[in-house]
There are 2 protein chains.
Amino acid sequence: MEQRRADNIAETLEEHIFGGVFQDGDRLDEVRLAEKFGVSRTPLREAFQRLALSGLVELVPRRGAFVRQPGPIELMEMFEVMAELEAVCGRLAARRISDVAIEELRDANARCQMAVEAKDTDGYYIENERFHKTIYRQSGNSFLEQEAAKLHKRLKPFRRQQLKFRGRMAQSMAEHEAIVDALARGEPEEAANALRNHVAVQGEKFHNLMASLKSQSD
Amino acid sequence: MEQRRADNIAETLEEHIFGGVFQDGDRLDEVRLAEKFGVSRTPLREAFQRLALSGLVELVPRRGAFVRQPGPIELMEMFEVMAELEAVCGRLAARRISDVAIEELRDANARCQMAVEAKDTDGYYIENERFHKTIYRQSGNSFLEQEAAKLHKRLKPFRRQQLKFRGRMAQSMAEHEAIVDALARGEPEEAANALRNHVAVQGEKFHNLMASLKSQSD
DNA sequence: CTTGAGTTTTTTGTATACAAGATTGTTGAC
DNA sequence: GTCAACAATCTTGTATACAAAAAACTCAAG
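Nothing here was measured: the structure is a model prediction, and the numbers come from that model.

Let's shift gears to the overall build of chain A. Looking only at helices and strands, chain A has nine helices and three strands in total. Reading chain A from its N end, one meets helices and strands in the order α-β-α-α-β-β-α-α-α-α-α-α. Counting over 218 residues, chain A shows a buried share of 48%. Pairs at least 24 apart in sequence give 72% of the contacts found in chain A among residues at least 6 apart. Roughly 11200 Å² of accessible area belongs to chain A as shown, and the carbon and sulfur atoms make up 48% of that amount.

Written out as structure tokens, the structure is:
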């Protein structure tokens, strides 16, 4: 593998964990990975420390680093928190959002709609992300914005799966319209509820997915 | 200074940053701290990585580690998020809380009241923390519980200052009673609003404190 | 007195060395 | 055949060494 600076190692490992290259419980072998990255153990160990704090890796003293993929329960919990965080962003944004941001949201929605019609899942995904990140920003609270973005990123691999549900993209679009409306009319509670339900439904869809996968293996 | 294992170094540095030993912008000198702790640079650098992710330290490549104390604006934002997180905990807890937990909250409040009457600030502080942590837990979402506890810990040094405001402890007690009532009656929105205002007022008090400190220096 | 090129000194980033704990494998007793 | 104790091996945690980048300093020119 190509040579990398230590700054990027944590990021690359993160991608590998998200991407499913490493399974839950896998031990991250320092020397093997060091060889793979073409560096020594030192920068790898520094990367482990970072990954440990964001919960992707568990550092067991004298035993090593183990990847910690969230289980079904933890994932449901994370989706619930995501829904609530987005609701908070929406409530604050309804009071603080700028006119140009409203336009940005409408633009993102229009491009989303186009992606739906073209059955362009990737395009939909990108515009959907822009839509949500705009709302985070318009909460007017950059700490909240960062926290929301952090959790959004962490849930990314799992959110993607549930987009495949039949009709989900169209339904999601309708929800987006309702959210923009509430924000444009400056209705905090309405925007909050619309966003909470919009994200919560993702958690439910995910739950269904998990259940169906489980019943297949029975 | 006494010898320490690397596991504790990050924690100790964190305490020093919270405790105000290091000021905002201070550079954390690797060799000096290594001497102080009686270890080599390696475990210190690993500790820096951890502190960087929790936002206490900024790691500038090829320049070193600098402590990042949140400024007034960032602190206000953090208090706002804390208020909203507690509100979420309250709303969920109103539906999920157990009878024994209600009793725990009442107990903590009673001990809080005793501390107020005895003008025991430390005692008040401890019971107040127990009160809030119980609500986090009763949200029934352990991911949320952890996130709330993390932010609570981060705001600890700043929350403490505003307890000194005259009459704040008594007012806070009354708010606690209202919160328990709403939870006991199973009223989600009422519990959420009571908690949001309870925490938000801390942010406002903090704002007042900052303003008064600033005017003194004029 | 200020400025700027060149040089010295620090300081960071990474590799390597080494010690101590954990794991695995082997042998012998029952 | 199973289990336990011991030995060999591997892995982590930490110290040290060294290279490269940044900062500080020197000194001369304007």
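We are not done yet, so read on.
Moving on: the pairing of strand E3 (residues 64-67) of chain B. Residue and element names in this part refer to chain B. In this sheet, E3 lies alongside strand E1 (residues 27-28) in antiparallel orientation, the contact comprising two bridges. The residue bridging Leu-28 from the neighbouring strand is Ala-65, located in E3. Of the strand pairs in this sheet, strand E2 (residues 57-60) and E3 are connected by four bridges, and their pairing is antiparallel. Paired with Val-60 across the bridge in E3 is Gly-64.

Right, let's get into the protein's contact with DNA strand C. With respect to spatial proximity, 18 residues lie near DNA strand C, and among them Ser40(A), Arg63(A), Arg41(B), Arg45(B) and Arg62(B) are the closest. If you look at DNA strand C and keep only atoms within 4 Å of the protein, 68% of those are sugar or phosphate atoms. The separation between a phosphate oxygen of DNA strand C and a polar main-chain atom of Ser40(A) is 2.4 Å. Between DNA strand C and Thr42(A) there is a distance of 3.0 Å, counted from a base nitrogen to a side-chain nitrogen or oxygen. Only helix H3 (41-53) of chain A together with helix H3 (41-53) of chain B provide two or more residues apiece to the surface near DNA strand C. A total of three residues in the surface near DNA strand C trace back to one element, the largest contributor, which is H3(A). Class assignment of the residues belonging to the surface near DNA strand C gives a composition of four nonpolar, three polar and eleven charged.

So, about the sheet that holds strand E3 (residues 64-67) of chain A. Sheets are built from strands paired through backbone hydrogen bonds, the pairs being either parallel or antiparallel. All names here are of chain A. Ordered by their spatial adjacency, three strands build an open sheet running E1-E3-E2, and the pairing between neighbours is antiparallel. The open sheet has two edge strands, strand E1 (27-28) and strand E2 (57-60), and neither has a second partner. Against the sheet, H3 makes contact with E1, E2 and E3, and its axis sits at roughly 115° relative to E2, the strand it touches most.

Moving on, we come to the protein's contact with DNA strand D. Close to DNA strand D lie 18 residues; Arg41(A), Arg45(A), Arg62(A), Ser40(B) and Arg63(B) are nearest. In DNA strand D, the atoms that sit within 4 Å of the protein are 69% sugar and phosphate, with bases accounting for the remainder. Separating a sugar or linking oxygen of DNA strand D from a side-chain N or O atom of Arg27(A) is a distance of 3.0 Å. Between DNA strand D and Thr42(B), the relevant distance is 3.0 Å, taken from a base nitrogen to a side-chain nitrogen or oxygen of the residue. If you list the elements that add at least two residues to the surface near DNA strand D, you get H3 of chain A together with H3 of chain B. A breakdown of the residues in the surface near DNA strand D according to their chemical character gives four nonpolar, three polar and eleven charged.

Let us now look at the domain arrangement of chain A. The domains assigned to chain A are domain 1 (6-67) and domain 2 (72-216). The C-alpha centroid of domain 2 of chain A is placed 30 Å from the C-alpha centroid of domain 1 of chain A.

What follows is about the interface of chain A and chain B. Contact residues are listed per partner, giving 25 residues for chain A and 25 residues for chain B. Here chain A packs against chain B, burying approximately 2500 Å² in sum over the two surfaces, 52% of which is carbon and sulfur. Of all residues in chain A, the largest losses of buried area upon contact with chain B belong to Glu46(A), Gln49(A) and Phe143(A), amounting jointly to 25% of the total for that side. On the surface where chain A and chain B come into contact, there are six salt bridges.

Right, let's get into helix H5 (residues 99-117) of chain A. Residues and elements named next belong to chain A. For H5, which comprises 19 residues, the first-to-last C-alpha distance of 27 Å matches the rise-based estimate of 27 Å (1.5 Å per residue) to within 8%. Taken residue by residue, H5 has Ala-101, Ile-102, Leu-105, Ala-108, Asn-109, Cys-112, Ala-115 and Val-116 as its buried positions. The buried residues of H5 occupy an angular sector of 140° when the element is viewed end-on, so they sit on one face. Among the exposed residues of H5, those oriented more than 90 degrees off its buried face are Asp-99, Val-100, Met-114 and Glu-117. Looking at the buried positions of H5, the neighbouring elements they touch are helix H6 (121-138) and helix H8 (168-184). At the exit of H5 stands Lys-119, carrying a positive phi of roughly 55°.

Attention shifts here to the relation of the copies chain A and chain B. Laying chain A over chain B is done by rotating through 180° and shifting 0.0 Å along the axis; what remains is an RMSD of 0.1 Å. Taken together, the turn and the small shift mark the pair as related by a two-fold rotation axis. Both copies contact each other with a shared surface, as 100% of the interface residues of chain A are interface residues in chain B too.

The next point concerns helix H2 (residues 30-37) of chain B. Residues and elements named next belong to chain B. Within H2, the full set of buried residues consists of Glu-30, Leu-33, Ala-34 and Phe-37. Seen from one end, H2 has its buried residues packed into an arc of 105°, which puts them on one side. The outward face of H2, more than 90 degrees from its buried face, is lined by the exposed residues Arg-32 and Glu-35. Where H2 begins, the side chain of Asp-29 points an oxygen toward the backbone nitrogen of Val-31, at a separation of 3.0 Å. Where H2 ends, the next residue or the one after it, Gly-38, has phi of about 75°, a positive value.

Mapped onto the secondary structure, Leu85(B) falls in helix H4 (residues 72-96). Its relative accessible area of 10% is what places Leu85(B) among the buried residues. Leu85(B) sits 110 residues away from Leu195(B) along the chain, and the two C-alpha atoms are 9.2 Å apart. Excluding residues within four positions of it along the chain, Leu85(B) makes contact with Leu85(A), Leu144(B), Glu147(B), Ala148(B) and Leu151(B).

Here the focus is the side chain of Arg91(A). Structurally, the position occupied by Arg91(A) is in helix H4 (residues 72-96). For Arg91(A), the side chain forms a polar contact with the side chain of Glu189(A), separated by 3.5 Å. A distance of 3.0 Å separates a polar atom in the side chain of Arg91(A) from a polar atom in the side chain of Glu84(B). In contact with Arg91(A), not counting residues within four places along its chain, are Pro188(A), Glu189(A), Ala192(A), Glu84(B) and Arg196(B).

Rules of the game
- Sequence order as written defines the numbering, with residues in each chain counted from 1.
- Labels are handed out in written order, letters beginning with A for the chains and numbers beginning with 1 for the ligands.
- The model is predicted, so local features are restricted to residues of pLDDT at least 70 and side-chain atom pairs to those at 80 or more, both for listing and for counting; the totals for chains, interfaces and linings are taken over all residues.
- Side-chain metrics rest on all non-hydrogen atoms present in the structure, leaving aside hydrogens and water.
- Secondary structure is summarised from DSSP: a helix means a run of H or I of at least four residues, a strand means a run of E of at least two, and numbering begins at the N terminus for each.
- Note on classification: 1.4 Å probe, protein chains only; a residue is buried when its accessible area is under 20% of the maximum for its type, exposed when over 50%, partly exposed between these limits.
- When checking whether two residues touch, look at their non-hydrogen atoms; a contact exists if any pair is within 4.5 Å.
- Using a 1.4 Å probe, accessible areas were evaluated by the Shrake-Rupley method; residue-level cover was limited to the displayed protein chains.
- By this definition, two strands are paired if DSSP reports at least two bridges between them.
- Consider each residue's heavy atoms; a residue with any of them within 4 Å of a molecule or strand counts as near.
- The term polar contact refers here to a pair of N or O atoms within 3.5 Å; inside protein, the definition further demands a hydrogen-donor-capable atom paired with an acceptor-capable atom, and it admits residues adjacent in sequence only when both atoms are side-chain atoms.
- Polarity classes work like this: nonpolar for Ala, Val, Leu, Ile, Met, Phe, Trp, Tyr, Cys and Pro, charged for Asp, Glu, Lys and Arg, and polar for all others, with Gly in that last group.
- As a rule, the C-alpha atoms of each element are fitted with a line to give its axis, helices using only the stretch in contact, and angles between N-to-C directions run from 0 to 180 degrees.
- In this entry, domain limits derive from an automatic or database-based domain assignment.
- The term buried area refers to how much accessible surface (probe radius 1.4 Å) is lost by two components on association, counted for both of them together.
- One side-chain nitrogen of Lys or Arg within 4 Å of one carboxyl oxygen of Asp or Glu is enough to make a salt bridge.
- Expected helix span is taken as 1.5 Å per residue step, with the number of steps being one fewer than the number of residues.
- Arc, as used here, means the arc of the directions from the helix axis to the C-beta atoms.
- Superposing copies: least-squares fit, C-alpha atoms only, residues required to have pLDDT of at least 70 in both.

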